Number of protein chains: 4
Amino acid sequence: MAGNTFGTAFRLTTFGESHGPALGGVIDGCPPGIALDAVQIQAELDKRRPGQGGIAVTARAEPDQVRLLSGVFEGRTTGTSIGFVIENTDQRSHDYSAIKHIFRPGHGDMSYHAKYGLRDYRGGGRASGRETVSRVVGGAVAGLFLRTLDITVQAGTIELGGIAVPNTELAHAEERPFFAAHADAPALWEERIKDVAGAGDSLGGVVEIQAHGVPAGLGEPVFDKLDARLAAAVMSIGAVKGVEIGAGFASARMLGSEHNDPMTSTGFASNNAGGILAGISSGQTICLRVAVKPIPSIAQNQRTIDCLGQEQHITIGGRHDICAIPRIVPVLAAMVRLVLADAVLLQRRISGAP
Amino acid sequence: MAGNTFGTAFRLTTFGESHGPALGGVIDGCPPGIALDAVQIQAELDKRRPGQGGIAVTARAEPDQVRLLSGVFEGRTTGTSIGFVIENTDQRSHDYSAIKHIFRPGHGDMSYHAKYGLRDYRGGGRASGRETVSRVVGGAVAGLFLRTLDITVQAGTIELGGIAVPNTELAHAEERPFFAAHADAPALWEERIKDVAGAGDSLGGVVEIQAHGVPAGLGEPVFDKLDARLAAAVMSIGAVKGVEIGAGFASARMLGSEHNDPMTSTGFASNNAGGILAGISSGQTICLRVAVKPIPSIAQNQRTIDCLGQEQHITIGGRHDICAIPRIVPVLAAMVRLVLADAVLLQRRISGAP
Amino acid sequence: MAGNTFGTAFRLTTFGESHGPALGGVIDGCPPGIALDAVQIQAELDKRRPGQGGIAVTARAEPDQVRLLSGVFEGRTTGTSIGFVIENTDQRSHDYSAIKHIFRPGHGDMSYHAKYGLRDYRGGGRASGRETVSRVVGGAVAGLFLRTLDITVQAGTIELGGIAVPNTELAHAEERPFFAAHADAPALWEERIKDVAGAGDSLGGVVEIQAHGVPAGLGEPVFDKLDARLAAAVMSIGAVKGVEIGAGFASARMLGSEHNDPMTSTGFASNNAGGILAGISSGQTICLRVAVKPIPSIAQNQRTIDCLGQEQHITIGGRHDICAIPRIVPVLAAMVRLVLADAVLLQRRISGAP
Amino acid sequence: MAGNTFGTAFRLTTFGESHGPALGGVIDGCPPGIALDAVQIQAELDKRRPGQGGIAVTARAEPDQVRLLSGVFEGRTTGTSIGFVIENTDQRSHDYSAIKHIFRPGHGDMSYHAKYGLRDYRGGGRASGRETVSRVVGGAVAGLFLRTLDITVQAGTIELGGIAVPNTELAHAEERPFFAAHADAPALWEERIKDVAGAGDSLGGVVEIQAHGVPAGLGEPVFDKLDARLAAAVMSIGAVKGVEIGAGFASARMLGSEHNDPMTSTGFASNNAGGILAGISSGQTICLRVAVKPIPSIAQNQRTIDCLGQEQHITIGGRHDICAIPRIVPVLAAMVRLVLADAVLLQRRISGAP
């Protein structure tokens, strides 16, 4: 109810601020008997690190180390809750006096202040993108579970700074800079980023996520449709401003005869639905795209106000990411894995465990 | 968990199939003392009727009458659960043998069959858009509550069949055909619909929803961000394939310096955020847009399969809507009202009732 | 969150006041394919009627008729939500002016007033025992599901007005007056009731509930232990003031060597645990007992206060039950069935459907 | 859903096994601005230590140190989730081969094995009473919040090994051995424990918990009555086999005229209701009692079976507690605090924050 728990049957509860002692969480509902070790989780976490997914579009070094505290015995999950912690190693006492009373544009400073009456102003506190480390750990455990059912999730960048890939190849995205969905894109994007960084500005982009091997029948009717759950999952990530499933916004301009995916004895002839019919998976590849806004922390001078409502100007110093991509890509994959693990478990009440 | 409940503090649970005896639901958590009578609810329900929101793009007559069964005493809510029922008056025994074993393309027939192993094949059963009558009733009650706080929700069509409005005017949308967001649009859309209807085809569109008077501080951090809740709410409606908040997908092509909304002593200077910062309302107008796919029931001959996986052809007879717009518009407004009523109550645990 | 929903995977949401137009609810999560018709549900509902379960300890005639509105197709559940309604046929405009401003001792009048600031004073409104009709319907559906797994629930009265049965025989309790757990008890209880009724007073008692055929492994560790769920389920019924599992309060006086149930190759040698070990079912018969307080509506003159806090006297007229037994007995069985149906579905995420 | 989360608005999620690396949890929903430091939490945790609450009825030394990881800034809660960890310092590699394949009578070994198919056999794993350290931390934070509203919770032992206190004095229970509810009891209980310990056996008892200063109006009607929540809360602790509110089981033997608490202009004239009417707090002291079973680990030889169902004998070595009292007493108080903090926040959606 207070927003720090995701999922129903496969459930992740997280905690932690960008500059507190540690971040972490509790994974509840993971079935017993899943092979699990910290090395596998760590590998997923490392994908979110600066420098991963291609060239360094971030300047911060965060050697995030996950420590599993429970729920695993002799290398397998026991079915009980899995606690984990990631220490904040870089807790130097920075000087935050510059932003203590000033609301940074595009950040949650103003809205958190309105909500709670007080806020942890150090680096965004709970509203910092740093909280996503816990999502990645949760998603990694979900992924290990899904792998036992041959369900896999891939994510890749299909547009950055207004430059789209010519076509989408997610299979190798993980090996490319920016998790690019096409081999030609990174060079163009790198140049674009350099230009924008030089101007003290920032960029956004579009990421596509696909889930393969998802059986038909997942998702719940009416309010908890699989696409509704996926939309909530990705929209809950700070930088995401839009989400579309299958043909998405293009659907609004299609005719019914174009949009309907014909069914044949060998499967669907197209996938405008994005693998979901009436909110329930159809057995096709699940496909969604999200819009990622530009990083709000920019080196340019901006107009804003302080806690008292008085006008101020702010120039955000330090070394900030120029784009939430590529670091957001493994986070998006993690959220989709959490949704699917949850949907698989919910469906077991009807069809049973495979 | 089985998908028929929406919300946490202000909660709607619904039931009903398109051709069952009745539809209805339970509204739980509405604060006590709200003035409420069935006439007000009925008015909202009537907006969803064929012929409403402009010219008849549907041919079915459904005089939906809501009956309140509890939770109201001497004209005011008591704080206990509000049960309601809408009888299905038109329960003639149609002949559904044509679609009993065949999966209609673009419908949930195939995915429901995969999920449950059996299905109510009469007109889509629970997957029918008819279930949205219960959402409208729930949203109407939420709206009466929000009105006591001067929070209002408006929705209007900004694009239909590929024809967009020149600019958006939601204030009078409710009075126009198609709930059009501009006075010039209906004539163009009507013509487009006639052409497409003549070809036995169908259309989609885009709807914008705005919430005015929303105080800053609503929404929960991390997973239950206000935009995540809104995205889930609208994506849970059958025909919706995409949702964007504020600048939405356009954000992906903007620079940080363009996207950040400057704050001044008299308020924000722009609203690319769509009224939500870090998942929490900022006090600005909340603004979202959804993509509505074309109606899947078309009069053209389509390829499909039956329950046994054998290829079939289907031409869907009867008189179906050509476009989910305008009927989906009051449903979208209802869902946004439900999200906001919930968020208001959740925030009271911190800031108290106004 | 507002109290009108019970269960997680098998979920009942109810509505209705004692003197409103109707009561009812929504059952969500019942698996598809369960044979279901209103006659079977009605039979369970009839057990709660005055005159059932033995001699008339109530004077009110309530021919409660349940009407199923959804979720059932061709005689079987479809897996979607099951809506139901029970009309309040006896809605004559009684004169409630006597209790409009006065709080009846032992009733929720005072606490509801404190909670909501207003209340439906007609016969207790939502706090009336009349709401339990919806529980019985939900429990009946749960029972039909459990029967497919050979899980059965029995309930019987083991003490009334201080007179306990010599020993407990639940197998035939349903056929006896008061759902008595022993054939000799009804005659003694009938006499006791007559005496007390003559004095304008009321009585309580103790009910035992057993569940047979429950497989080992149901219940969740730590907070959602099966006994915790059962305790909440029965304690949520208005008249219940205590609950014990297995040896219950007697456990507090036993030695560990007495209390521990030895395990043998043919099963447990005793059942002090009541079929639950560490919150998880052990495969033994689940056994619990609840304390039922005397009916608070009595014909004697009582001291009380009104809404303004001023002292008043009240004598509750009309024809009221002398004892919540036997009518509470099928309600208790219903609640236990709801808990078990929920636990079965939750366990399927691990072990799969049988 | 998997059992490791308690509460709705004030919510505790826990993890940890008796012999894993660490235990801990996440507290979600604590309002912002509550003064909080680890020293205060630690003080509550220390009450659960062996040797506390009187003479050592346990022989294990567990210097549990709580470490707060988030949600607190400059000494006050921020409204975001509070993560905490308690390291298991004594993680020597014990030899558990004796119980690896054998089910200890009265423990969850058998039922956990049935549920999960595998289990962490080291000291009971997740089923160990050691998990209650996380409850105490959660309850301590809840207590700090409740204290700002002048709501306090007291708990004390009223019976041990069959020896009851002559009358109940909870105000000073915390200062006495065994958290005894009367000054004369500890000496008698100590003697009883010595005798039983000498015989290799164990004991149970009864604990009373009272909540003072609880305003009228807390709790939700129908299923989430305050007494239902309290019953679930305390019954979720491993050793508890029964719970009663107010007059409890004695109510079953009372007349209505005896049981009803008369209301006067200066308050209630008695408290058989235990402070709860129709599931909603009445403003009186909330009063409940729980039955604590004897510790199942005993030094005597017991009959049991192994994983293969073959008969075995077991004598549980090591140094075990003789009685769950006194260590369970602060755990019971913690659970009641969690319920009340939750109820306070839920009521704010109606009445607002004070």
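The text that follows walks through the structure, step by step, so that each part is easy to find.

Cut-off values and rules
- Residues numbered from 1 in each chain as written.
- Chains lettered and ligands numbered in written order.
- Predicted model: local features only at pLDDT ≥ 70, side-chain atom pairs only at ≥ 80, totals over all residues.
- Heavy atoms only, no water.
- Helix = DSSP H or I, 4+ residues; strand = E, 2+ residues; numbered from the N terminus.
- Rg over C-alpha atoms; globule rule 2.2 N^0.38 Å.
- Buried < 20%, exposed > 50% of the residue type's maximum accessible area, 1.4 Å probe, protein only.
- Least-squares fit on C-alpha atoms with pLDDT ≥ 70 in both.
- Contact = heavy atoms within 4.5 Å.
- Expected span 1.5 Å × (residues − 1).
- Polar contact = N/O pair within 3.5 Å; in protein donor to acceptor, adjacent residues only side chain to side chain.
- Salt bridge = Lys/Arg side-chain N within 4 Å of Asp/Glu carboxyl O.
- Pairing = 2+ DSSP bridges.
- Axes fitted to C-alpha atoms, helices over the stretch in contact; angles between N-to-C directions.

### So, the overall build of chain A
- The secondary structure content of chain A amounts to 8 helices and 18 strands.
- Relative to the 2.2 N^0.38 estimate, which gives 20 Å for 354 residues, the radius of gyration of chain A is 21 Å and therefore close to what a compact globule would have.
- Overall, the C-alpha framework of chain A stretches about 65 × 50 × 35 Å when taken along its three principal axes.
- Across the 354 residues of chain A, 67% fall into the buried class.

### Section: the relation of the copies chain B and chain A
- With an RMSD of 0.0 Å, the operation that places chain B on chain A is a rotation of 180 degrees combined with a shift of 0.0 Å along the axis. On the angle and the small slide along the axis, the relation comes out as a two-fold axis. In terms of proximity to the rotation axis, the leading residue of chain B is A232 of chain B, whose C-alpha is 2.5 Å off the axis.
- Of all interface residues in chain B, 100% are interface residues in chain A too; the two copies therefore contact each other through one and the same surface.

### So, helix 4 (residues 132-147) of chain B
- Compared with an ideal rise of 1.5 Å per residue, which puts 16 residues at 22 Å, helix 4 of chain B spans 22 Å between its outermost C-alpha atoms and is within 8% of the ideal.
- By the criterion of burial, helix 4 of chain B is predominantly enclosed, with 15 of the 16 residues buried.

### Quick notes on the environment of H182 of chain D
Residue and element names in this part refer to chain D.
- Counting through the fold element by element, H182 comes out in the loop between strand 9 (163-164) and helix 5 (185-198).
- Its relative accessible area of 10% is what places H182 among the buried residues.
- When the C-alpha atoms of H182 and T168 are compared, they prove to be 6.0 Å apart, with 14 residues separating the residues in sequence.
- A distance of 3.0 Å separates the side chain of H182 from the backbone nitrogen of D184, its partner in a polar contact.

### Describing the pattern of salt bridges
- A complete count under the given rule lists 82 salt bridges over all chains for this structure.
- D64 of chain A is the partner of R48 of chain A in a salt bridge, and the nearest nitrogen-oxygen pair spans 3.6 Å. Here R48 of chain A, found in the loop between helix 1 (38-47) and strand 4 (66-68), pairs with D64 of chain A, found in the loop between helix 1 and strand 4; they are 16 residues apart in sequence, far enough to count as distant.
- As a salt-bridge pair, R349 of chain C and E220 of chain C come within 2.9 Å of each other at their nearest N and O atoms. Note that R349 of chain C is positioned in helix 8 (residues 328-351) and E220 of chain C in the loop between strand 10 (205-212) and helix 6 (226-235), a separation of 129 residues in sequence.
- Note on R349 of chain C: relative accessible area 3%, which makes it buried.
- One salt-bridge network, in which partners are shared between bridges, spans E44, K47, E174 and R337 of chain A.

### What to know about the sheet that holds strand 9 (residues 163-164) of chain A
- In spatial order, the strands read 9(A)-8(A)-10(A)-16(A)-11(A)-11(B)-16(B)-10(B)-8(B)-9(B); together these 10 strands make up an open sheet with antiparallel pairing. The strands lining the two open edges of the sheet, one partner per strand, are strand 9 of chain A together with strand 9 (163-164) of chain B.
- Two elements, strand 8 (residues 152-160) of chain B and strand 9 of chain B, share 2 bridges in a ladder whose sense is antiparallel. Looking at strand 9 of chain B, one finds that L160 of chain B is bridged to I163 of chain B.
- Of the strands in this sheet, strand 11 (240-245) and strand 16 (286-292) of chain A together with strand 11 (240-245) of chain B touch helix 6 (residues 226-235) of chain A, which is tilted by about 155 degrees from strand 11 of chain A.

Such coordinate-based values are descriptive only and should not be taken to indicate function.
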